[in-house]
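# An overview of the molecular structure
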Amino acid sequence: MNTKEKILMTALRLFARNGCEAVSVGDIAADLNMAKSALYKHYKNKRAVFDGIVAKMFEIDAERARLSGVPEQKRADDPAAYAKTTFKNLKRFTIAQFEFWTRDEFARDFRKMLTLEQYRDPESANLLRDCLTRGPVLYTADIFREMMDAGTLTRADPEQLALEYCAPLCLLIALSDGGDPDSRAEKMLERHIDRFAVFNAPRREKGV
């Protein structure tokens, strides 16, 4: 990691443990054994550090989507990507999401930070919903709309269907936080996705 990345990782760890409001630029610099003036060369204030953490998360999310073969942008910005998304790729992305949010240090601390901050800061509450609840449901609903138009998914209310698809992911992430072995939770998620395909995809894709 370069210096800017080390600052972000250290700040995120402190934010996740103590909350953003309780952590100062001096605290971040001290944890890094760095002078505050040196830190200010990379980030002008604590808000800039927070924004850097959020930007890094969005970059990681886009890369994970790309590797899974699902859309990286909103439907309005890239409708063609939604039209060619397969259920197999969506399954791959969903499992990758579970692994990321439960096993990656950056992702776990990001969730912890926003969970603490949601009760103080409306922006953080919105970010948490965009990353883990409302955002995934709306994103999946847009993918399902295209699948319904293509005849590979049963015609239904796409948002309701997306809610049914995404809810176990959120629950299993929470169960993993509570001590359930990740491997057991991941197997449960895979079974859920496969059952969802059986009941909702009239022309189930081979190899899902």
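Predicted model only: the values in this text are computed from it and were never measured.

About the criteria used
Residues numbered from 1 in each chain as written. Predicted model: local features only at pLDDT ≥ 70, side-chain atom pairs only at ≥ 80, totals over all residues. Heavy atoms only, no water. Axes fitted to C-alpha atoms, helices over the stretch in contact; angles between N-to-C directions. Helix = DSSP H or I, 4+ residues; strand = E, 2+ residues; numbered from the N terminus. Parallel < 35°, antiparallel > 145°, perpendicular 65-115°, else oblique. Left-handed = near helix turned anticlockwise from the far one by under 90°. Contact = heavy atoms within 4.5 Å. Nonpolar A, V, L, I, M, F, W, Y, C, P; charged D, E, K, R; others polar. Phe/Tyr/Trp six-rings, centres within 6.5 Å; stacked < 30°, edge-to-face > 60°. Buried < 20%, exposed > 50% of the residue type's maximum accessible area, 1.4 Å probe, protein only.

## Some points on the packing of helix α6 (residues 87–103) against helix α9 (residues 134–150)
At a minimum axis distance of 11 Å, the contact between α6 and α9 shows a crossing angle of 165°. Relative to α9, α6 is oriented roughly antiparallel. The hand of the α6/α9 crossing is left-handed. In this structure, α6 uses Phe 87, Leu 90 and Phe 93 to contact α9, whose residues at the interface are Tyr 139, Thr 140, Ile 143, Phe 144 and Met 147. Across the contact of α6 with α9, the residue classes break down as seven nonpolar, one polar and no charged.

## With respect to the packing of aromatic side chains
A full pass over the atoms with the stated rule returns ten aromatic pairs. When the centroid spacing of 5.3 Å and the interplanar angle of 65° are considered together, the rings of Phe 100 and Trp 101 count as edge-to-face. The residues Phe 100 and Trp 101 share a single accessibility class, namely buried. Connected via pairs of aromatic rings, a cluster forms that spans Phe 87, Phe 144, Tyr 165 and Phe 196.

## Section: the packing of α6 against helix α7 (residues 105–117)
Contact geometry for α6 and α7: axes closest at 5 Å, N-to-C directions at 75°. Considering their axes alone, α6 and α7 lie roughly perpendicular with respect to each other. Here Phe 100, Trp 101, Thr 102 and Arg 103 of α6 come into contact with α7, specifically with Glu 105, Ala 107, Arg 108, Phe 110 and Arg 111. Split into classes, the residues belonging to the contact of α6 with α7 amount to four nonpolar, one polar and four charged.

By themselves, these figures tell us nothing about what the structure is for.
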